[in-house]
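# Understanding the architecture of this molecule
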Amino acid sequence: MPKEEKKKVKKQEISPDDEKQYEALRLDHQLCFPLYAASREVVKQYTPYLKPLGLTYTQYITLMVLWEDKKLRVGDLGQKLFLDTGTLTPLLKKMEESGLVKRTRSADDERVVLVEITDKGMAMRDQLKEVPGHVGQCLHLNKEDALILYQELYKVLRGFSE
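Described below are features of the structure shown in this document.

Reading guide: rules and limits
Residues numbered from 1 in each chain as written. Predicted model: local features only at pLDDT ≥ 70, side-chain atom pairs only at ≥ 80, totals over all residues. Heavy atoms only, no water. Salt bridge = Lys/Arg side-chain N within 4 Å of Asp/Glu carboxyl O. Buried < 20%, exposed > 50% of the residue type's maximum accessible area, 1.4 Å probe, protein only. Helix = DSSP H or I, 4+ residues; strand = E, 2+ residues; numbered from the N terminus. Patch = residues over 30% accessible without salt bridge, like charges linked within 9 Å, V, L, I, M, F, W, Y side chains within 5 Å. Areas by Shrake-Rupley, 256 points an atom, 1.4 Å probe, with all protein chains shown as cover. Lys, Arg positive; Asp, Glu negative; His and termini not counted. Charge placed at Lys NZ, Arg CZ, Asp CG, Glu CD.

In this section: the pattern of salt bridges. Side chains that differ in charge, positive against negative, can pair when their charged atoms come close. The full count for this structure, using the stated rule, is seven salt bridges. With a closest N to O distance of 2.9 Å, Arg26 and Asp28 form a salt bridge. A relative accessible area of 40% means that Arg26 is categorised as partly exposed. We note a salt bridge from Lys155 to Glu152, for which the minimum N-O separation is 3.3 Å. Note that Lys155 and Glu152 are positioned in helix α8 (residues 143-161) at a spacing of three residues, about one turn of the helix. For Glu152, a relative accessible area of 39% corresponds to the partly exposed category.

Here is the structure:
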């Protein structure tokens, strides 16, 4: 761009009184930011354990639900994981291609898709059973603080479903 087209941006002087109206926009005043950053960092801790098995964190938590429930409606799975069908559909398709889950239409209502864990998906449980302990050590929280954090985060999540 030619020099004559460049415009200098003049630094705007803002008085302390004017600055107060923007206090709520400070990053260090946001509850959402440490939640977001901590979530990203915790999920990153799973990568060394999941990547060698060809899993993402979202696939891992999907397996966790299916290890417990064995078979359920995709909508119910989405509710448990706080994921919409637009996220779940490609995720489950990939997991089905890997042989971890099987999707079928309900015999009672063909609009309903059921997802069921396969034997291969169940076998992953043995390979992943130590992961929570390894990742938990990365958090540097004692058991009491971890329990309090767990309870508070679920309180926040419950608030979204009310």
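Moving on, we get to a negative patch on the surface. Taken together, the side chains of Asp17, Asp18, Glu19 and Glu23 make up a negatively charged region of the molecular surface. The residue Glu23 is located in the loop between α1 (16-19) and α2 (32-50) in this model. Looking at Glu23, the relative accessible area reads 33%, which means it is partly exposed.

None of this, on its own, says anything about what the molecule does.
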